[in-house]
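The chain contents come next:
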Amino acid sequence: MSSIDRSQSVGGTRTYEVRTYGCQMNVHDSERLSGLLEDAGYVRAPEGADGDADVVVFNTCAVRENADNKLYGNLGHLAPKKASRPGMQIAVGGCLAQKDRDTIVKRAPWVDVVFGTHNIGKLPVLLERARVQEEAQVEIAESLEAFPSTLPTRRESAYAAWVSISVGCNNTCTFCIVPALRGKEKDRRPGDILAEVEALVAEGVSEITLLGQNVNAYGSDIGDREAFSKLLRACGKIDGLERVRFTSPHPRDFTDDVIAAMAETPNAMPQLHMPLQSGSDQVLKAMRRSYRQERYLGIIEKVRAAIPHAAITTDIIVGFPGETEEDFEQTLHVVREARFAQAFTFQYSKRPGTPAAEMDDQIPKAVVQERYERLVALQEEISWEENKKQVGRTLELMVAEGEGRKDGTTHRLSGRAPDNRLVHFTKPDQEVRPGDVVTVEVTYAAPHHLLAEGAVLDVRRTRAGDAWEKRNAAEQAKPAGVMLGLPKIGVPEPQPAVASGCGCD
């Protein structure tokens, strides 16, 4: 039986595959898309199907310059497969779909459905309409039809979950197209957020990440400037919720009440991802960022005073139009002063439709590349030095799934420390499941991970581990051809796995 036959082998059930590009918001949207399709009767294609599913959905990003090429390259790869498989459908959604609309179908006429960021709930209906009418369906809503959290969801982890607290963004950064595609900020009611968190905890989830394009601006839509700190404190009162994280905040909205809530809420983790973008006041002004270097470093100082072991990470753009060597040196200065645990660094990417794309003094590629390499080298040095300070510390790790690529050959497992550092540890004799908690002593540091090479000091079986075991057993029991397999995403990646908030917070 061919791979095509296998994908449709169980009672004629149609299979689906969702391919996700971009930020954590896109990852969370893909959980909604998967939930919608499964609610409509589709089943997830076996792992490694590589386009052999009956429905392939692209959830796209529009932030990076090569986003268009990546999408159309993948669509081109699927064209001959679709031509040889009557009934196969391809859908494109997300930020690039919101931006390009009819262009997608013109450039790739074999696409069946194009939908935007505001109407992901319409996907099953649009697929059926395209099948019946035998023509492409393009439907782009201009404003949010329903808050995504009201939609069915297939969570990618049994023990850690994203919880969206807002959608959209009110900022006007000159390099960013996301506000035009995601719309103005719209906040969920606190009661609805806490109800979702409590329901997740009841299912076995022990770690949640509060998610928003500008997460700490939460409250601006409902008229409460301290709403975010109140939300953090309320999460601290939920029994069974062991870890709370959030991404991504904006320095403009990072107030003292948020720092106090982080320090005083027991399950708020000692971790902060706060985008810098540039250390130059002149560049920050051109970016239309509403803070300056002194303000940014002042926040870092306050956070470290309140939470001494906090790991702080950031996003930085190199080569913004008009950036001089002196401007770049200011960025290096902030990196040295802030001593980030990690920095997610990006070469400036011109995006049509943004003010920055029309600015004078676009920086030559060779200059951008040289500066980028210097920044990466400096941050690598600092990351390693900061990780070396962890050697000898005893840490509680939440065991992770799929984060240690070499675990099988090294006979190790991997987990996340409270500050979200990745730690590989010696596999103990007793069974340890994703979601369980182990206590280890750090023995070695590399720039991007830690090792605990000695014996595990303690293993604590958790309700989260029970939830993972139950879910894994249920999926393993599914008939061949329908088995969903283990999810690749697992615990939310160290924040941000990609430029958080689409790299524009």
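Think of each chain on its own: its residues are numbered from 1, step by step along the sequence as written. Given that the model is predicted, a residue must reach a pLDDT of at least 70 before its local features are reported, and side-chain atom pairs must reach 80 or more before they are shown or counted; all residues, however, enter totals for whole chains, interfaces and linings. Excluding hydrogens and water, the side-chain values take into account all heavy atoms of the structure.

## Thoughts on the packing of helix H9 (residues 227–235) against helix H10 (residues 256–264)
Consideration 1: Axis separation between H9 and H10 bottoms out at 8 Å; the angle between their running directions is 5°. Regarding the angle of H9 to H10, the classification is roughly parallel. Of the residues in H10, those in contact with Phe228, Ser229, Leu232 and Arg233 of H9 are Asp257, Val258, Ala260, Ala261, Met262 and Glu264.
Consideration 2: In this classification, the charged set is Asp, Glu, Lys and Arg, the nonpolar set is Ala, Val, Leu, Ile, Met, Phe, Trp, Tyr, Cys and Pro, and all remaining amino acids, among them Gly, are polar. Within the contact of H9 with H10, the residues separate by chemical class into six nonpolar, one polar and three charged. To obtain each axis, a line is fitted to C-alpha atoms, and for helices this fit is confined to the stretch in contact; angles are then taken between N-to-C directions over 0 to 180 degrees. Helical segments are the DSSP runs of H or I of at least four residues, strand segments are the runs of E of at least two, and each set is numbered from the N terminus. Oblique is the label for any angle not under 35 degrees, not over 145, and not in the 65 to 115 range, which are roughly parallel, roughly antiparallel and roughly perpendicular in turn. Whether two residues touch is decided by their heavy atoms; if any such pair falls within 4.5 Å, the residues are in contact.

## Brief notes about the UniProt feature "binding site: [4Fe-4S] cluster 1" (unreviewed entry) in the protein
Consideration 1: UniProt positions are given in the numbering used here, feature names are shortened, and annotations may be inferred rather than shown by experiment. Here, the residues flagged by UniProt with the feature "binding site: [4Fe-4S] cluster 1" (unreviewed entry) are Cys23, Cys61 and Cys95. Across 73 residues in sequence, these annotated residues keep their C-alpha atoms within 10.6 Å of one another, forming a single compact spot.
Consideration 2: Relative to the elements of secondary structure, cysteine 61 occurs in the loop between strand E3 (55–60) and helix H3 (67–83).
Consideration 3: Topologically, cysteine 95 is positioned in helix H4 (residues 95–100).
Consideration 4: According to the relative accessible area criterion, cysteine 95 is buried, its value standing at 1%. Only protein chains enter the accessibility calculation, which uses a 1.4 Å probe; a residue whose area is less than 20% of its type maximum is buried, one above 50% is exposed, and one in between is partly exposed.

## Let's talk about the pattern of salt bridges
Consideration 1: When a carboxyl oxygen of Asp or Glu lies within 4 Å of a side-chain nitrogen of Lys or Arg, that pair is called a salt bridge. Overall, the coordinates contain 32 salt bridges when judged by the stated rule.
Consideration 2: In this structure, the salt-bridge partner of glutamate 17 is arginine 19, at a minimum N-O distance of 2.9 Å. Grouping residues by exposure puts glutamate 17 and arginine 19 together as buried.
Consideration 3: When the shortest N-O distance is used, the salt bridge between glutamate 386 and lysine 389 registers 2.9 Å.
Consideration 4: When its relative accessible area of 53% is taken as the criterion, lysine 389 is described as exposed.
Consideration 5: A cluster of three or more residues bridged by salt bridges with shared partners is formed by Glu323, Glu325, Glu329, Glu370, Arg371 and Arg374.

## Quick look at empty space enclosed by the protein
One way to see where empty space is left: roll a probe the size of a water molecule over the atoms.
Consideration 1: Throughout, the protein atoms alone are placed on a 1 Å grid, and a set of points is a cavity if a 1.4 Å probe fits but cannot get out or a pocket if it is open with protein on both sides within 12 Å along at least five of seven lines; lining residues have an atom within 4 Å of a point. Grid points are joined across faces, edges and corners, and a volume is the space filled by probe spheres set on the points. Counted under the stated rule, the structure contains three cavities of 30 Å³ or more.
Consideration 2: Lining the largest cavity, in full, are Leu232, Val244, Arg245, Phe246, Met262, Ala268, Met269, Gln271, Leu272 and His273.
Consideration 3: Within the residue set of the lining of the largest cavity, elements represented by two or more residues are strand E11 (243–247) and strand E12 (271–273).
Consideration 4: Residues of the lining of the largest cavity, tallied by class, amount to seven nonpolar, two polar and one charged.

## Overview of the pairing of strand E13 (residues 311–318)
Consideration 1: The element E13 is extensively covered by neighbouring structure, given that eight of its eight residues are classed as buried.
Consideration 2: The two faces of E13 match: Ala311, Thr313, Asp315 and Ile317 on one face and Ile312, Thr314, Ile316 and Val318 on the other face are all buried.
Consideration 3: Pairing geometry for E12 and E13, over three bridges, is parallel. Counted as the bridge partner of histidine 273 is threonine 313 from E13.
Consideration 4: Looking at chain direction, E13 and strand E14 (residues 342–347) are connected through six bridges and run parallel. Bridge pairing in E14 places threonine 314 opposite alanine 343.
Consideration 5: In this fold, E13 hands off to helix H13 (residues 325–338), which returns the chain to E14; that crossover is right-handed. Note: two strands are recorded as paired if DSSP finds a minimum of 2 bridges between them. Here a crossover is taken to be right-handed if, once the strands point away from the viewer, the path from the first strand over the helix to the second is traced clockwise.

## Remarks on the packing of H13 against helix H14 (residues 365–388)
Consideration 1: Running from N to C, H13 and H14 cross one another at 10°; their axes reach a closest spacing of 10 Å. Taken as axis vectors, H13 and H14 run roughly parallel relative to one another. Between H13, through Glu325, Phe328, Glu329, Leu332, Val335 and Arg336, and H14, the contact on the second element is made entirely by Arg371, Arg374, Leu375, Leu378, Gln379 and Ile382.
Consideration 2: Each residue belonging to the contact of H13 with H14 can be placed in one class, and the counts come to six nonpolar, one polar and five charged.

## Some remarks on unusual backbone geometry
Consideration 1: Residue serine 248 is reached from threonine 247 by a cis peptide bond, and omega for that bond is -10°.
Consideration 2: You can see serine 248 is positioned in the loop between E11 and H10.
Consideration 3: Non-glycine residue glutamate 134 carries a positive phi angle of around 55°.

## Overview of the sheet that holds E11
Consideration 1: The sheet built from three strands is open, its strands ordered E7-E10-E11 with parallel pairing. The strands lining the two open edges of the sheet, one partner per strand, are strand E7 (160–164) and E11. Ignoring which end each strand starts from, the neighbouring axes of this sheet average 25° apart.
Consideration 2: Bridge count for strand E10 (residues 207–211) against E11 is five bridges, and the pairing is parallel. If you follow leucine 211 over to E11, its bridge partner there is threonine 247.

## Side note on the side chain of glutamate 17
Consideration 1: Looking at the element boundaries, glutamate 17 is found in strand E1 (residues 15–20).
Consideration 2: A polar atom in the side chain of glutamate 17 sits 2.9 Å from the side chain of arginine 19. Definition of a polar contact: a pair of N or O atoms within 3.5 Å, with one able to donate and the other able to accept a hydrogen when the atoms are protein atoms, and with sequence-neighbouring residues admitted only if both atoms are side-chain atoms.

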